[in-house]
Amino acid sequence: MADVKVSVYTPAGKHVGYFVNPQVKAHADGDYELSGDFFDASGEKPVRIDFNPQAMPYTADLGDLANNDSKIAHRQLRAVYIQSGRQPVKMSGQGQ
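Along each chain, residues carry numbers from 1 onward, in the same order as the chain's sequence is written. The model is predicted, so local features are restricted to residues of pLDDT at least 70 and side-chain atom pairs to those at 80 or more, both for listing and for counting; the totals for chains, interfaces and linings are taken over all residues. Heavy atoms throughout the structure, all of them, feed into the side-chain values; hydrogens and water do not.

Undergrad: Give a detailed account of the overall build of the protein chain, specifying residues and quantitative values.
TA: Segments assigned H or I by DSSP are reported as helices when at least four residues long, segments assigned E as strands when at least two residues long, and all are numbered from the N terminus. In terms of regular secondary structure, the protein chain is built from one helix and eight strands. Helices and strands in the protein chain line up, N terminus first, as β-β-β-β-β-β-α-β-β. In this setup the radius of gyration rests on C-alpha atoms only. A globule is expected at 2.2 Å times the number of residues raised to 0.38. Its C-alpha atoms give the protein chain a radius of gyration of 12 Å, near enough to 12 Å, the size a compact globule of 96 residues would have. Contacts between residues were defined by any pair of non-hydrogen atoms, one from each residue, lying within 4.5 Å. Taking all contacts inside the protein chain whose residues are at least 6 apart in sequence as the whole, residues at least 24 apart take part in 43%. All accessible-area figures derive from a Shrake-Rupley calculation using a 1.4 Å probe, and residue coverage is judged against the displayed protein chains alone. Accessible area of the protein chain: about 5900 Å², with a carbon and sulfur share of 47%. Charged residues are defined narrowly, with Lys and Arg counted positive, Asp and Glu counted negative, and His plus the chain ends left uncounted. All charge positions are set by atom: Lys at NZ, Arg at CZ, Asp at CG, Glu at CD. Measuring between centres, the 10 positive side-chain charges of the protein chain sit 3 Å from its 11 negative side-chain charges.

This is how it looks when you write it as structure tokens:
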């Protein structure tokens, strides 16, 4: 089976990086938690990603994941924030 990627974007649509085969927890209220190996836009796997908790939230594309897992009800996440910037990276967001 091919690797599943979840891409992460700034509010302006700039690609900042992606998860490869992330673990995803989907909650009944439409909230999601993503965790796993995160690579920056150039394909490098940083030890730690810097983030500013007051920065605008990211968006995430769950399209590949939704195609492979019937438990994933949303194809896009909004209000995605970094919970842990060290590998494995953790992010949370809301389905839209």
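Picking up after the structure, the text goes on.
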